[in-house]
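Notes for the structure review
Residues per chain, in single letters:
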Amino acid sequence: MLVSEIDVISPLDLDECLTILSREGIQHRLLAGGTDAVVRMKDGKWRPNVWINVKGLNELRYIVKKDGAIHIGPLTTHSDIIRSQLLQTQADVLVEAAREVGATQMQNMGTIGGNIGTASPAGDTIPALFVLGAVLEIRSCNNKRLVPIEEFFIGPGKTVLRQNEMITNIIIQPQEKNEIGIFQKLGPRKAQSISIVNVAVNLIMGENNRQCLGGKIAFGAVAPTIIRAKKCESMLKIAPITDDMIENISKVAWKEVMPITDVRASASYRRDMASALLHRGLYRLMRRWESYES
Amino acid sequence: MKPIRFTVNGSPREVNCHPSKTLLDVLREDLNLTASKECCGKGECGSCSILVDKEVICSCLVLAGQAEGMDITTCEGVGLTANMDIVQEAFVSEGATQCGYCTPGLIVSSRAFLNSIEHIPSVSEIKTALGGNLCRCTGYAKIIRAVETAAKHQLENKGKLSLR
Ligand SMILES: Cc1cc2nc3c(=O)[nH]c(=O)nc-3n(C[C@H](O)[C@H](O)[C@H](O)COP(=O)(O)OP(=O)(O)OC[C@H]3O[C@@H](n4cnc5c(N)ncnc54)[C@H](O)[C@@H]3O)c2cc1C
Ligand code: FES
Ligand code: FES
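All values derive from a computational prediction rather than experimental measurement.

**Comments concerning the overall build of chain B**
Across its full length, chain B carries six helices and five strands. Overall, chain B shows an N-to-C arrangement of helices and strands of β-β-α-β-β-β-α-α-α-α-α. The C-alpha atoms of chain B give 16 Å as radius of gyration, which agrees with the globular expectation for 164 residues (15 Å, within 12%). Expressed along its principal axes, the backbone C-alpha trace of chain B runs to roughly 50 × 40 × 25 Å.

**Let's talk about the site of ligand 1**
Residues in contact with ligand 1 amount to 34 residues; listed here are only the nearest, A:Leu30, A:Thr35, A:Asp36, A:Ala37 and A:Thr111. Those residues lying near ligand 1 are distributed over chains A and B. At 2.7 Å, a backbone N or O of A:Gly33 approaches an oxygen atom of ligand 1. Listing elements by their share of the shell around ligand 1, those giving two or more residues are β2 (28-31), α7 (112-118) and β10 (166-172) of chain A. Tallied by class, residues from the shell around ligand 1 come to eleven nonpolar, 16 polar and seven charged.

**Some words on the layout of surface pockets**
Put simply, the second largest pocket is a space of about 1500 Å³. As for the second largest pocket, its lining consists of 46 residues, of which A:Thr104, A:Gln107, B:Lys127, B:Thr128 and B:Ala129 are closest to the centre. If you tally residues by element for the lining of the second largest pocket, the top one is helix α5 (residues 123-129) of chain B, at six residues. Its residues assigned to classes, the lining of the second largest pocket comprises 17 nonpolar, 15 polar and 14 charged.

**Section: the pairing of strand β2 (residues 11-17) of chain B**
Residues and elements named next belong to chain B. Here strand β1 (residues 2-8) pairs with β2 via seven bridges, running antiparallel. Counterpart to phenylalanine 6 in the pairing with β2 is arginine 13. Here β1 hands over to β2 after two residues, with asparagine 9 in that stretch at a positive phi of 50 degrees.

**Here's the deal with the UniProt feature "domain: FAD-binding PCMH-type" (unreviewed entry) in chain A**
Feature annotation in UniProt places "domain: FAD-binding PCMH-type" (unreviewed entry) on residues 1-177 of chain A, given in this structure's numbering. Secondary structure over residues 1-177 of chain A splits into 32% helix and 24% strand, and the C-alpha atoms at its two ends are 53 Å apart.

**Details of the domain arrangement of chain A**
Residues and elements named next belong to chain A. As far as domains go, chain A holds domain 1 (7-53), domain 2 (58-172) and domain 3 (179-293). Of note, the centres of domain 2 and domain 3, computed from C-alpha atoms alone, are 21 Å apart. On the domain 3 side, the residues contacting the 24 residues of domain 2 number 24 residues. Approximately 1900 Å² of surface area, both sides summed, lies buried where domain 2 meets domain 3, with 58% of it carried by carbon and sulfur atoms. When the buried area of domain 2 at its contact with domain 3 is split by residue, Glu96, Pro121 and Val131 rank highest and sum to 27% of it. In this structure, arginine 288 and glutamate 96 form a salt bridge, with 2.8 Å as the shortest nitrogen-oxygen distance. Our enumeration of links across domain 2 and domain 3 arrives at twelve residue pairs in polar contact (both at pLDDT 80 or more). Those elements that place two or more of their residues in the side of domain 2 that touches domain 3 are α5 (92-99), α8 (125-131) and β8 (153-155). When residues in the side of domain 2 that touches domain 3 are grouped by element, the largest group, five residues, is from α8. Per-class residue counts for the side of domain 2 that touches domain 3 are 14 nonpolar, five polar and five charged.

**Considerations on empty space enclosed by the protein**
One water molecule sets the probe size; rolling that probe over the atoms shows where empty space is left. Residues and elements named next belong to chain A. Per the stated rule, a full pass over the model turns up one cavity of 30 Å³ or more. Approximately 30 Å³ is the volume found for the largest cavity. Along the walls of the largest cavity sit Ala119, Ser120, Pro121, Ile126, Phe153, Gly155, Pro224, Thr225 and Ile226, which together make up its complete lining. Of the residues that make up the lining of the largest cavity, three or more belong to each of domain 2 (58-172) and domain 3 (179-293).

**Structural notes on the sheet that holds β2(B)**
Residue and element names in this part refer to chain B. Ordered by their spatial adjacency, five strands build an open sheet running β2-β1-β5-β3-β4, and the pairing between neighbours is mixed. Among the strands making up the open sheet, the edge pair consists of β2 and β4 (55-58). Taken pair by pair, the neighbouring strands of this sheet meet at an average axis angle of 40 degrees, ignoring direction. Pairing of strand β3 (residues 49-52) with strand β5 (residues 71-73), which is carried by two bridges, proceeds in the antiparallel orientation. From the neighbouring strand, leucine 51 faces β5, where its bridge partner is threonine 73. Seen against the sheet, helix α1 (residues 23-30) touches β1, β2, β3 and β5 and runs at an angle of roughly 100 degrees to β2. Contacts from helix α4 (residues 103-115) reach β3 and β4, with the element oriented near 35 degrees to β3.

**Things to note about the sheet that holds strand β7 (residues 143-148) of chain A**
Residues and elements named next belong to chain A. Read from one edge to the other, the open sheet built from five strands follows the order β4-β5-β10-β6-β7, with strand pairing classed as antiparallel. The open sheet has two edge strands, β4 (63-66) and β7, and neither has a second partner. In this sheet, adjacent strand axes meet at a mean angle of 25 degrees when their direction is disregarded. Note: β4 against strand β5 (residues 69-72), four bridges, orientation antiparallel. Bridge pairing in β5 links lysine 65 to isoleucine 70. Across the sheet, helix α1 (residues 14-22) touches β6 (135-140) and β10, and the angle it forms with β10 is around 125 degrees.

Each value, and the rule that gives it
Residues numbered from 1 in each chain as written. Chains lettered and ligands numbered in written order. Predicted model: local features only at pLDDT ≥ 70, side-chain atom pairs only at ≥ 80, totals over all residues. Heavy atoms only, no water. Helix = DSSP H or I, 4+ residues; strand = E, 2+ residues; numbered from the N terminus. Rg over C-alpha atoms; globule rule 2.2 N^0.38 Å. Near = heavy atom within 4 Å. Polar contact = N/O pair within 3.5 Å; in protein donor to acceptor, adjacent residues only side chain to side chain. Nonpolar A, V, L, I, M, F, W, Y, C, P; charged D, E, K, R; others polar. 1 Å grid on protein atoms, 1.4 Å probe; cavity = no way out; pocket = protein on both sides within 12 Å on 5 of 7 lines; lining within 4 Å. Points joined across faces, edges and corners; volume = space filled by probe spheres on them. Pairing = 2+ DSSP bridges. UniProt positions renumbered as here; feature names shortened; annotations may be inferred. Domains from an automatic or database assignment. Contact = heavy atoms within 4.5 Å. Buried area = accessible area lost by both parts, 1.4 Å probe. Salt bridge = Lys/Arg side-chain N within 4 Å of Asp/Glu carboxyl O. Axes fitted to C-alpha atoms, helices over the stretch in contact; angles between N-to-C directions.

So, in structure tokens, the structure goes:
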């Protein structure tokens, strides 16, 4: 398929979009901000017959609180996330992750649905969504299902999404007053770089000094998909998260991740950096928590 | 080929092209607006930056078929020699350009940034705002100074306006 032969159709609403997705016999792919899709089209990797341009579907661009949960439309851009008061106060880790995506232009163009849809093991918003317990609403013309984000990815670029389906809503649990999160990323440079390793943490804090009642830790770019570090998580509740404890938890992270060597970094470097990022993240998180408390 | 209608620099335009052509190529080839440049073609360098609905984006990653109805401003729309914007004047007075290839993109990004603030930005704010624009010549110091200067002039102009 030559680029000049690929059509672009722009459905006017979600129903029309789902109808087009259900058409058989044509090879189509959704096109949102295009920051992954157009790059891959130029590289010759993604050459569908038709792009289904959803960028204009404003009904899928929202951040709202509903029945105690936060709903984020898949066409919400990274810039929308960064600007959202609601997310700043009740999903801080997602805002921090969105700030780390590319630079201004990519944050204005790129969408959260596209970040999930690309299913890169290094996608920056995904670990944040893991620790916020995100559930994806997936729709086709005549079906709707809910998939926890941890069950959505199968491997690099591979998801459980069928050809006639799309993500129509992202539901996260808002943070309570005693919850606090952080996102840490290592890239080749500060702006515009794909993560060599990233980590998202969300902790539920107790009343006593540095007492933690539980939490979630998710790493990116250290396995074929984003992974939860459950061994590290289980250590959070054992004892107050003192600087010594942070040291111990990050040593466990070194063992728990399973990175590979690729063009961006070697496996052993990734392992060291996963451990270091979690160390730094927990350290900063505790400092922040203490400054809130005092 | 498909007809596509949008607004560029305030004027309604219509072009006929294949819908997967990039907006950057449409601007340069079909509309002869050649300030926006192609360098990396993949969103990394910002030399193709334009404003869409007042937000800065990379036109090398937008397809013509997505541009229907868009309100686009290119560097030409920010200002031309006869009616330079304060950002452009500051780039000249600070000597923030050498080969000039990155300059239109930087001017567009700087304009978007200045539209969003009402204070003199810190160096780190400027670096964050312009992180998506690469320059291989200047070493950035003069570019950052130009944005500071433009921000000062912008505030002065606003001050003058409020006195009237
Ligand atoms: C220069 C540059 C820097 C970047 N830096 C980063 C970075 O630091 N961190 C990072 O994580 N990413 C980065 N990216 C990747 C990209 O910007 C993000 O993944 C972005 O969020 C993708 O969103 P999009 O709207 O542009 O997706 P698109 O490119 O439009 O689509 C991506 C994929 O998602 C699918 N899709 C889109 N919407 C939906 C939906 N609603 N349901 C199902 N599938 C859908 C599409 O079909 C396609 O397969 C970078 C990209 C570039 C070009
Ligand atoms: S040419 Fe568009 S970002 Fe480089
Ligand atoms: S002046 Fe030459 S690239 Fe910036």
